[in-house]
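Single-letter residue listing:
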Amino acid sequence: MTAHAPQPRRLRRPLRFGDRARGWTYALPTAAFVAVLFILPLLLVLKMSGSNWPLLGGDQGINLPANFTKAISLEYFWPSVWFTIEYTVITTVILLALALGLALLVQESSRWKNLLRTAILVPSALGLASASLLFYVLYSPLAGPFAGLMNALGITFLGSPTGALWSTVFLIVWRFAGFYMLLMLVGLQAIPGEVYEAASIDGASRWQTFRGVTLPLLRPTLALTTVMCVTGSLLAFEQFYILTKGGPDNSTITVVELIYNVAFQGQNDLGVAGALSVIVLVALVVINFFQIRVFNDKDAA
Amino acid sequence: MSASLSRIIHSSERRRVIGAEPLGRAATRAPYYVVTGAIALVFLYPLLWTAVQSFAPQAGTNQSKGWGTGNYVTLANYQSGIGVYFANSLFVSLLTVLLTLIVSTLGGYAFARYRFPGKNVLFLTTVAILMVPYATLLIPLYVLLSQIGLANSLVGVALVLTMFQLPFATFMMRISFESVPKELDEAAMVDGCSSFSVLWRVLLPAVKPGLITVGLFAFLAAWNDFIAPLILLNDSAKQTLPLAISNLRGQAQGVVDYGATEAGVIVLAVPCVILFLVLQRHYVRGFMSGAFKG
C-alpha cells in the first residue's frame, strides 16, 4: 500500500447523461432479474392470495376473505404453526450456543485447530437435501449404524413424534454448526485484543471475561445469527420432507410443507397456498422487526 | 476491517484471548485432544460411514456379496439412468454460475463505479430478496414461468436460482470493485480504454477472488437445491440429482434401497466436498465480506 499525500476533495461531478446511461446499462441485467423473477412473483402471490386459483385452472376471479379463512381453518394450520415454532426455538438455541462454543474453541490458529475447523465445516458444503438423505440412511432401523442399538432398545429414531423432532434437530445442527461457527468467528475477530488485555489486567476470570466482554461485544453477530437461524428454521422444508415426510402421524408438518401440500399435493389450491404464503411473509417481517428491535433495545440499555 | 479470517486461519500467530492454554505439556493436554478429536469425529463420521458403507456388502441391495460397486451400478441404471440426472444437475449448476457471474459482475460494477437514478432503490431491492421466504416465491414463480414458456425447464430453474444468488453475489462484487482503487480505471481511460474494456481488461483480473467466491457459492447452492426443481420441474427425465436420489428411495414396493441411496449421497456430496476443500479460503471470504449482514 502506498501512502497518498492528502488531496483536496474532488468536486462532486454533476450527473452526466453518459454516466447515467452507462450505469443503467450495466445494472440492466440485475434490474431485469429483480423485476421479472422477484417483484412480479411477489405481486402475483398477493393476487393469488385473493383469487380463486386452482392449480390447473388458472385465475377464476376474486375470492378474497375466503382464501384466508380457509387457510386458517385447515386441519393442520395450527398444528403446523406450533410445530414450526417449537422446532425453531429448539434449533436456534442449540445451534447458536454450540456454534459460539465451537468458535471459542477454534478461534486461535494452530495446525490442530485449523484441522478441527475444517472438519466442522465439511458438512456445510453438503446440500440440505444430501444431508437429509444421508441421515435418512443413518437413522434407518434396517441399514443404519444404530440399527442394533434401536433393536435392543425397541425404538426407532424417527418412529415417535419426539424422536422425529430431535433426530431432525440433530441433522440440522450437524449440517449448520460450521456455518454459524464461521459467522461467530468473524464476530469474535472484530473484538479488539486490547479489550481482553484490559480484562485480564483487571483480574477478570475467564467466565467474567466471557460474560462481561465477549458476549456484549458480540451482540451484532448474535443478532445477525439469530435472525438468520430463526428465519431459516421457520421456513424448514427439505429436512422434514425427506426425513419424516411430515410423520409420524402428521406430527412434523411445517408451515412451508403445508403450503407445498395445499398447492401441489391433493388440494391443488394455489389461492389458499397464496394466502398461506402471504401469512408467512407478513409473520416473518413482523418477527424479524421485533428481533431487531430487541437487540437494539439491549444496545441502548 | 482488513484483518481477514483467512489470514488468521493461515497464520501461525497465536492471539492470546480467552481459552488460550498456557500449559503446553502433552500429558495435561491429552483430555483436550480427546474431546476435540471426538468433536471432529462427530462431524466427519456420518459422511465417512456412508462412503465406506456404499461399497460394503449389505443384505437387500445390489451389493449383497462382498465389497464392490454394486450400489453404484443400481444407481447408474435408475430410471432414465443416473447420467441424465447428473447432466441435468451439472447443466443447471453451470448455467446458474455463469448467469450469476455475468449479472453480478455487471451489476457490481455499476453499483461501485457509476451514479445513476434509482441506484439505491435497485440495490436495496436486490438485497431484499434475502428477506422474502424462498419457498413462498416458488409458487408464483411456477405460474409465471409457465406463462413465459419456461414451465418444466432446466433453464427456468437456473434463472430462478440465479435470482436467489443475486443478493449475495451483487453485494460481494460491489465491494470487490469498490476495493480496487479508482485511479486504475482512470489511468486506463486516459490510455483510451472504453468503459467496457476497463471492466473486461483492467478490473476483472483485480476482482478475481470475488468472482471465485461468488461462483463457489452459486455452484454449491444450485447443485444442492431441492425445492426449486421439486416445484418447477414435473417431467421425471428432467429431474436434478437430489430429486432423483430422493425419489429412488421409494422404488420397489416400499422397500428402500439403502445401498443405492448411500451411493447417491456420495455422488452428490463428493463434488461439493472437493470444491470446498480446494477453495476453502474463498468460502471463508464470503463470510468475511459482511455479505450476510444484508
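Structural data are supplied above this passage.
Residues numbered from 1 in each chain as written. Chains lettered and ligands numbered in written order. Predicted model: local features only at pLDDT ≥ 70, side-chain atom pairs only at ≥ 80, totals over all residues. Heavy atoms only, no water.

J.: An account of the interface of chain A and chain B is requested, with residue identities and associated values reported.
T.: At the junction of the two partners, chain A supplies 100 residues and chain B supplies 92 residues. Taken together, both faces of the contact between chain A and chain B bury some 8,800 Å²; the carbon and sulfur share is 76%. Summed over the three residues of chain A that lose the most area to chain B, namely Tyr26, Phe33 and Phe38 of chain A, the buried surface amounts to 9% of that side. The interface formed by chain A and chain B holds zero salt bridges in total. For the pair chain A and chain B, the number of links is nine residue pairs in polar contact (both at pLDDT 80 or more). By residue number, the principal contributor to the side of chain A that touches chain B is helix 1 (residues 17-49) of chain A, which donates 22 residues. Per-class residue counts for the side of chain A that touches chain B are 73 nonpolar, 16 polar and eleven charged. (Contact = heavy atoms within 4.5 Å. Buried area = accessible area lost by both parts, 1.4 Å probe. Salt bridge = Lys/Arg side-chain N within 4 Å of Asp/Glu carboxyl O. Polar contact = N/O pair within 3.5 Å; in protein donor to acceptor, adjacent residues only side chain to side chain. Helix = DSSP H or I, 4+ residues; strand = E, 2+ residues; numbered from the N terminus. Nonpolar A, V, L, I, M, F, W, Y, C, P; charged D, E, K, R; others polar.)

J.: Before we move on, can you summarise the pattern of salt bridges with the specific residues and values?
T.: Residue and element names in this part refer to chain A. The tally for this structure, following the rule as stated, stands at five salt bridges over all chains. One salt bridge connects Lys47 with Asp59, and the closest N-O pair in it is separated by 3.2 Å. Here Lys47 is found in helix 1, whereas its partner Asp59 is found in the loop between helix 1 and helix 2 (64-72), with twelve residues between them in sequence. Residue Lys47 is classed as partly exposed on the basis of its relative accessible area of 46%. (Buried < 20%, exposed > 50% of the residue type's maximum accessible area, 1.4 Å probe, protein only.)

J.: Now, about the packing of helix 12 (residues 241-248) of chain B against helix 13 (residues 258-278) of chain B: what can you tell me, with residues and values included?
T.: Residue and element names in this part refer to chain B. Running from N to C, helix 12 and helix 13 point in directions that differ by 170°, and their axes come no closer than 9 Å. The angle between helix 12 and helix 13 places the two elements in the roughly antiparallel class. Contact residues: helix 12 offers Leu241, Pro242, Ile245 and Leu248, while helix 13 offers Ala260, Thr261, Gly264, Val265, Val267 and Leu268. A breakdown of the residues in the contact of helix 12 with helix 13 according to their chemical character gives eight nonpolar, two polar and no charged. (Axes fitted to C-alpha atoms, helices over the stretch in contact; angles between N-to-C directions. Parallel < 35°, antiparallel > 145°, perpendicular 65-115°, else oblique.)

J.: How would you summarise the packing of aromatic side chains if you had to cite specific residues and measurements?
T.: What describes a pair of aromatic rings is the distance from one ring centre to the other and the angle between the planes of the rings. The final tally for this structure, using the stated rule, is 40 aromatic pairs over all chains. With 5.1 Å between their ring centres and 80° between their planes, Phe179 of chain A and Tyr180 of chain A make a pair best called edge-to-face. For the pair Phe179 of chain A and Tyr180 of chain A, a shared accessibility class is recorded, and that class is buried. With a centroid separation of 5.1 Å and 70° between ring planes, the pair formed by Phe179 of chain A and Phe287 of chain B is classed as edge-to-face. Of this pair, Phe179 of chain A sits in helix 7 (residues 161-189) while Phe287 of chain B sits in helix 14 (residues 280-288), each in a different chain. Both residues of the pair, Phe179 of chain A and Phe287 of chain B, count as buried. A cation sits over an aromatic face here: Arg174 of chain B above Phe123 of chain B, 4.5 Å from the ring centre. (Phe/Tyr/Trp six-rings, centres within 6.5 Å; stacked < 30°, edge-to-face > 60°. Lys NZ or Arg CZ within 6 Å of the ring centre and 35° of its normal.)

J.: Describe the nonpolar core, and please don't skip the residues or the numbers.
T.: Among the nonpolar cores identified, the biggest contains 191 residues, and Tyr180 and Leu276 of chain A together with Leu138, Leu141, Met163, Leu232 and Tyr283 of chain B are the most heavily contacted of them. With sequence-adjacent residues up to four places away left out, Leu276 of chain A is seen in contact with Ala71, Leu74, Phe77, Leu258, Ile259 and Val262 of chain A. (Core = buried A, V, L, I, M, F, W, Y, C linked by side-chain atoms within 4.5 Å.)

J.: Give a detailed account of unusual backbone geometry, specifying residues and quantitative values.
T.: Residues and elements named next belong to chain A. One non-glycine residue, Lys245, lies in the positive phi region at around 55°. Mapped onto the secondary structure, Lys245 falls in the loop between helix 11 (238-243) and helix 12 (255-264). A positive phi angle is found at Asp249, which is not glycine, with a value near 55°. Considering the arrangement of structural elements, one finds Asp249 in the loop between helix 11 and helix 12.

So yeah, pure geometry; function would need other evidence.
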